[in-house]
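Here is what each chain is made of, one letter per residue.
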Amino acid sequence: MKTQNQNKKPKKGVPRLLEISGEKKTLLAFSSLLSALSAILQFVPYFAGYWIVQEFVLNAHDLENVDKNLVFYCALIAISSVIVSMLLQGATFTLSHFAAYRILYNLRLRLARHLATLPLGYFTHTTKGAIHKTLQENVEKIENFVAHKIPEFIQSVVGACAIFVIFVWSDWRLAIVCVAVYLVGLFVQFSVYGKTKVEMKACLEQFFSKLESINSSSMEFIKGISVVKMFGKSIFAFQDFAKSVEDYHHFTLSFTYKCMRPFGVFTTLVNGFILFALPFCAYFITRDTFNLYDILVCVFFILLSNGLIAPFLRLFNLSSELMQISEAVERVDTIFRQKPLPQSKNPLKPTRFDIEFKSVDFAYQNPNGELSAKHALKNVSFALRQGESLAIVGKSGAGKSSIVHLLARFYERERGGIFIGGVDIKDIAECDLMEAMSFVFQENFMFLDSLRENIKAGKEASDDEILHAAHLAQCDEIITKYGLDCVIGQGGMNLSGGEAQRINLARAILKNAPILLLDEVNSALDSENEAKLNEALKNLARGKTLIMVAHKLNSALKCDKVALMEKGEILALGTHKDLLKSCPQYKELWNLYNDTQQWSIKN
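Because the structure is a prediction, the values reported are computed rather than measured.

A. Molecular detail of the overall build of the protein. A tally of regular secondary structure across the protein gives 22 helices and 10 strands. Approximately 32500 Å² of the protein is accessible, and the part contributed by carbon and sulfur atoms is 60%.

This is the structure we're talking about:
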């Protein structure tokens, strides 16, 4: 039987936004109240003007009878109401901005924390552009909506409702005409989105998706622009970026053309809706039962109609904003709905650091979040004692890196068991698992910060400890050249690939974790940097349980065990010498490697 919470539909749009706002609801409520009062005060000058006109009309036969005090007080009330309304509006936007910036701050932190808990598999089928757009643009839209649009919405709704009530009270026939004109205008304008709410949502989803596509492809283009320039290609050589820009261009242009006529009709109706009431006013004035009150009612409608145009236009703009903010909130919730890897309620902490894989199967997810039919790992089993080293070799796509990623629990295995010190990694707390491991991958990552902060990213340490780790990682000349305080990317400090990789090794040496995971760390280095890197690796790996994904087979010579992988399976496992004797595939791979080492242009 479903619980009440399960039956309850999840909130969307503005209700969900208010739910996200959390502790700032009180500020928003108080801001809305001040906004409503400001809206009501904005129409006081129209009433004051009407009373002044009424005084002169009623005393048109003898202007000496005009109550000058009444005219003065009406003028004073009009001026005072404008001033108070401005003060209230200022207080409204101050409170709404304070609430919006706190919501912006908290929401971005929540998103960042949640993203940090998600498995790496989520980021393989979600583009960086989509995540960036949600964190930056969509959250920014929410901030702008809370700071500006909510107070404007309250002002417009309260103001429009108040005037409609007064219109109905004054003359319900003229009020019906005004309301009918506005509703027709809205119907004409919103007809461009489609006939149903689903069509409107689909249109907005398409708009957001095309923006995310531009974000993603532009980031890739910027990364690859050096290649584009070196080969003398134009932007159109980068097809994904060119296509996403063209798609966005055609979509927005076609939608703009589609909106032109309806928006022209809407603007005409809203700005001139009082014109449709004038024939009725003329009828009232020319009929036999005409009296002075009919003129005053017509004057009242004409005066107050000018104050109604601005709220009408704001309401229309806000209606499109509401649809956009609903989509932005939905994109934020899409990230929040992604579930982190499950954590044990009673976590265990391993006391040993031997590693064992038992009949592990694993498949990556496709872009829809479904498991691929092709397995990256099939029935993988091996054991590694504490302090031993394992080199994983094989062709590209054989599943080498998948073993390292599963051990670090970047992904969840489909079947089988992975153990550290006899404890299933599912039963180890994430912080303890990360504390037990150091990572050095082929794609090194450097923070835009000082060398000091980059090296101690994994562990707080003194400068002496940092310098010692840098020395073991063969970074002495880098420290001498730039200094620990030099910020990467500033003052001409741009590290080469080999230098950045050695800084990453210094980070791992400083952390000094008992398990070390290396993923093709020297595959793209020159001979000098590779020699320095190998010396650093010797210092780093001393006394640790090591798993190395090896692109260059000479790395396997230094390891206790070698695993040859093919199509997601371990084809052979043993020492380098044993595999040369017992495994023809490994011997063939080794011979190919030796041939490439002897190759030259002359040969």
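B. Spotlight on the pairing of strand β10 (residues 569–574). Sheet analysis places strand β9 (residues 561–566) next to β10, joined by 5 bridges and oriented antiparallel. Residue Val562 lies in a different strand from β10, and its bridge partner there is Gly574. The loop that links β9 with its antiparallel partner β10 comprises 2 residues; one of these, Lys567, has a positive phi angle of about 55 degrees.

C. A look at the environment of Gln155. Within the fold, Gln155 resides in helix α7 (residues 128–170). Here the alpha-carbon distance between Gln155 and Leu37, two residues 118 residues apart in the chain, equals 8.2 Å. What Gln155 contacts, discounting residues up to four positions off in sequence, is Ser35, Ser38, Ala39, Gln42, Gln89 and Arg314.

D. Region of interest: helix α19 (residues 497–511). Between its first and last C-alpha, α19 extends 21 Å over 15 residues, near the 21 Å set by a 1.5 Å rise per residue. Counting buried positions over the 15 residues of α19 gives 13, a clear majority of the element. In the segment just after α19, Asn512 is the residue with positive phi, at about 55 degrees.

E. Fine view of the sheet that holds strand β1 (residues 355–362). What the 4 strands build is an open sheet, ordered β2-β1-β4-β5; its pairing is antiparallel. Edge positions in the sheet fall to β2 (377–384) and β5 (423–424), since each of these pairs with one other strand and no more. Across 5 bridges, β1 lies against strand β4 (residues 415–420) in antiparallel orientation. Its bridge partner lying in β4, Lys358 is registered against Gly417.

F. Up close: the side chain of Ser450. Relative to the elements of secondary structure, Ser450 occurs in the loop between β6 (437–441) and α16 (451–455). Accessibility expressed as a relative area gives 7% for Ser450, which makes it buried. A polar side-chain atom of Ser450 sits 3.2 Å from the main-chain amide nitrogen of Glu453. Discounting residues that sit within four places of it in the chain, Ser450 has contacts with Leu484, Asp485, Cys486 and Val487.

G. Spatial organisation of the pattern of salt bridges. On inspection of all chains with the given rule, the structure shows 11 salt bridges. Close ionic contact of Glu388 with Lys561 constitutes a salt bridge, the shortest N to O distance being 3.8 Å. Here Lys561 lies in strand β9 and Glu388 lies in the loop between β2 and β3 (389–394), a separation of 173 residues in the sequence. Under the relative-accessibility criterion, Glu388 is labelled buried at 11%. Salt-bridge contacts for Arg413 lead to Asp424; the nearest nitrogen and oxygen are separated by 2.7 Å. Of this pair, Arg413 sits in the loop between α14 (400–407) and β4 while Asp424 sits in strand β5; the two residues are 11 residues apart in sequence, bridging distant segments of the chain. Overall, Asp424 belongs to the buried group, its relative accessible area being 15%. One salt-bridge network, held together by shared partners, links Arg385, Glu388 and Lys561.

H. Molecular detail of the packing of helix α17 (residues 463–472) against α19. With their axes 8 Å apart at the nearest point, α17 and α19 run at an angle of 125 degrees to one another. If you check the angle between α17 and α19, you find them oblique. Of the two possible hands of crossing, α17 and α19 adopt the one that is right-handed. For the pair formed by α17 and α19, the contact residues are Glu465, Ile466, Ala469, Ala470 and Leu472 on the first element and Ala506, Ile509 and Leu510 on the second. Split into classes, the residues belonging to the contact of α17 with α19 amount to 7 nonpolar, no polar and 1 charged.

I. Geometry of the sheet that holds β6. Here 6 strands make up an open sheet; going across it, the order is β6-β7-β8-β3-β9-β10 and the pairing mixed. Each of the sheet's edge strands pairs with one partner strand only, and the pair in question is β6 and β10. The mean inter-strand angle of the sheet, taken between neighbouring strand axes irrespective of direction, is 15 degrees.

J. Here's a closer look at the environment of Gly159. In this structure, Gly159 sits in helix α7. Placed 123 residues apart in sequence, Gly159 and Ala36 show a C-alpha to C-alpha distance of 7.7 Å. Setting aside anything within four residues of it in sequence, one finds Gly159 in contact with Ala39, Phe43 and Ile154.

K. Main features of a positive patch on the surface. On the surface, Lys374, Lys378, Lys395 and Lys567 cluster together into a patch of positive charge. Its location among the elements puts Lys374 in the loop between β1 and β2.

L. Inspection of a nonpolar patch on the surface at higher detail. On the surface, Phe72, Tyr73, Leu76 and Ile77 cluster together into a nonpolar patch covering about 420 Å² of accessible area. With respect to the element layout, Leu76 can be found in helix α5 (residues 68–117). The exposure class assigned to Leu76 is partly exposed, which follows from its relative accessible area of 43%.

Rules and cut-offs
Residues numbered from 1 in each chain as written. Predicted model: local features only at pLDDT ≥ 70, side-chain atom pairs only at ≥ 80, totals over all residues. Heavy atoms only, no water. Helix = DSSP H or I, 4+ residues; strand = E, 2+ residues; numbered from the N terminus. Areas by Shrake-Rupley, 256 points an atom, 1.4 Å probe, with all protein chains shown as cover. Pairing = 2+ DSSP bridges. Contact = heavy atoms within 4.5 Å. Expected span 1.5 Å × (residues − 1). Buried < 20%, exposed > 50% of the residue type's maximum accessible area, 1.4 Å probe, protein only. Polar contact = N/O pair within 3.5 Å; in protein donor to acceptor, adjacent residues only side chain to side chain. Salt bridge = Lys/Arg side-chain N within 4 Å of Asp/Glu carboxyl O. Axes fitted to C-alpha atoms, helices over the stretch in contact; angles between N-to-C directions. Parallel < 35°, antiparallel > 145°, perpendicular 65-115°, else oblique. Left-handed = near helix turned anticlockwise from the far one by under 90°. Nonpolar A, V, L, I, M, F, W, Y, C, P; charged D, E, K, R; others polar. Patch = residues over 30% accessible without salt bridge, like charges linked within 9 Å, V, L, I, M, F, W, Y side chains within 5 Å. Lys, Arg positive; Asp, Glu negative; His and termini not counted. Charge placed at Lys NZ, Arg CZ, Asp CG, Glu CD.

Any link to function would need more than the numbers given here.
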